[in-house]
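# Topology and contacts: notes
These are the residues of each chain, in order.
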Amino acid sequence: MNSILSDSRFAGIEPFESRLWISSPTMHGEEQAWVDEAIRTNWVSTVGENIDKVESAFASYTGVRYAVGLSAGTAALHLAVRLAGEKLYGQAGPGAGTLAGHKAFCSDMTFDATANPIAYEDGEAVFIDTEADTWNMSPEALERAFELYPDVRLVVLAHLYGTPAKMKEIRSVCEKHGALIIEDAAESLGAKYRLGDAWVETGSLGDYNCISFNGNKIITGSTGGMFLTDSKEDADKVRKWSTQSREAATWYQHKELGYNYRMSNIVAGVIRGQIPHLDEHIGQKRAIYERYKEGLKDLPVQMNPYDEKNSIPNFWLSCMTINEEAMAPDRRGETEYSYQSREGKSSPDEILEALAAFQAEGRPVWKPMHMQPFYRSAPFITAGGRADAEGRSLAVGEDIFRRGLCLPSDNKMTPKQQEKVIEIIHRCFA
Ligand SMILES: Cc1ncc(COP(=O)(O)O)c(C=O)c1O
């Protein structure tokens, strides 16, 4: 028997009968109809009506002029970075990426798919620390990075867990330094941000914008992604690159490097069936966040924060951090961890283990990129230095990673199931 299940602190709690996921696909039925229609009409390819419909639906939802359906959010980010690199530094030949010899600034606390396209294009990522108000790229650290690396002209930024970054400040820093912005809105589809008097969608705030339909996202196609822009020329280029860069000739003619990144009409059928449910999913995720906030308010913890005046997150994942004074010992190596229980305290790994023992899936907060073995030699810039006089790290992302965790946030989780999750967390602090 799992030792947690025999721990007297958890007496009387039964494991969930089936696993409670952090965020899993939620199908409604229309998806099947559009997939069937594609098969019935033999459009089982990377062309077809489902693709056309989802492209126009997301251009109109996000308020951009052009959308290109791709095989994944990562593909969208790669082509966005390639496009930016070509725009800034010219076309690359066969032996090098468009960012060869150049640096680009990138969110630090994010999934690695945000950063990897910089490496695909042979650029060097400079990671920008996180701010505590939204858990996204710190505008102050970004400004400092421009002071240190004044030649940089590209910023790749994500909206973590569906919470918009401080875009007004970031756009103003980028404008001042003449830098392009690639917005990674993979996790934030449907999240809104206030610009002046207008509410605008994430996915429309950068020069090039990317969304994802990965199986864990707010709506899904099983996989899939989309590139969004106001430039017809750029959209046409991305569409061409994504279909092997074929020129207008009867034979296969190539002037540019090509990719097989186009969205499938079957995947687009699933996405098409999900579109009418996007706002409903956001409503469910918001209700989950609010229930955690209420249910955990008597504990020494904080929910992942957002700017209530200027943003409306999509609440994709609910997260929490444990207050410093309530942190029990928890040590993390490269892939292993060990924690100790303390009365009245707990730790992310204790809570995650307890949830897992009862069949509920949580996850540590995304480990910052500058802490990843692959990127450990990359420059990393904070708003105010790396350590205080006692040698304690001043990196905000490191602190959130140490004290934070992502909670089960599946939109099919019932209030009763969530009550049990909240109870398990309480017992961890007993
Ligand atoms: C922030 C972020 N960027 C990019 C991606 C990549 O998207 P995809 O899985 O569709 O390639 C993901 C998730 O998968 C993500 O969470």
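Residues numbered from 1 in each chain as written. Predicted model: local features only at pLDDT ≥ 70, side-chain atom pairs only at ≥ 80, totals over all residues.

It is worth spelling out the site of the ligand at this point. With respect to spatial proximity, 14 residues lie near the ligand, and among them Ala72, Gly73, Thr74, Ala113 and Ser212 are the closest. Where the shell around the ligand is concerned, the elements lending two or more residues are α3 (73–89) and α4 (112–120). Among the residues making up the shell around the ligand, the classes are represented as 5 nonpolar, 7 polar and 2 charged. (Near = placed C-beta within 6 Å. Helix = DSSP H or I, 4+ residues; strand = E, 2+ residues; numbered from the N terminus. Nonpolar A, V, L, I, M, F, W, Y, C, P; charged D, E, K, R; others polar.)

Attention now goes to the pairing of strand β8 (residues 208–212). Most of β8 sits out of view: 5 of its 5 residues are buried. Side chains Tyr208, Cys210 and Ser212 project from β8 onto one buried face, and the interleaved Asn209 and Ile211 project onto a second face that is buried too. The sheet contact formed by strand β5 (residues 180–184) and β8 spans 3 bridges and is parallel. When the bridges of β8 are listed, Ile182 appears paired with Tyr208. With 4 bridges connecting them, β8 and strand β9 (residues 225–229) associate as antiparallel partners. Each bridged residue has a counterpart across the sheet, and for Ile211 the counterpart in β9 is Met226. (Buried ≥ 20, exposed ≤ 12 C-beta atoms within 10 Å, placed from the backbone. Pairing = 2+ DSSP bridges.)

We now examine the packing of α3 against α4. Two numbers describe how α3 lies on α4: the axes approach to 9 Å, and their chain directions differ by 45 degrees. In terms of orientation, α3 lies oblique with respect to α4. Viewed along their axes, α3 and α4 form a crossing whose handedness is right-handed. Contact with α3, carried on its side by Gly73, Thr74, Leu77, His78 and Val81, involves Ala113, Thr114, Pro117, Ile118 and Tyr120 of α4 and no other residues of that element. (Axes fitted to C-alpha atoms, helices over the stretch in contact; angles between N-to-C directions. Parallel < 35°, antiparallel > 145°, perpendicular 65-115°, else oblique. Left-handed = near helix turned anticlockwise from the far one by under 90°. Contact = placed C-beta atoms within 7 Å.)

Here we come to the domain arrangement of the protein chain. In terms of domain boundaries, the protein chain breaks down into domain 1 (8–25 + 278–428) and domain 2 (30–276). One C-alpha centre belongs to domain 1, the other to domain 2; they are set 27 Å apart. Each partner contributes to the interface: domain 1 provides 37 residues, whereas domain 2 provides 43 residues. Taken together, the elements giving at least two residues each to the side of domain 1 that touches domain 2 come down to α9 (278–295), β11 (311–312), β16 (380–381) and α11 (396–403). Each residue belonging to the side of domain 1 that touches domain 2 can be placed in one class, and the counts come to 23 nonpolar, 11 polar and 3 charged. (Domains from an automatic or database assignment.)

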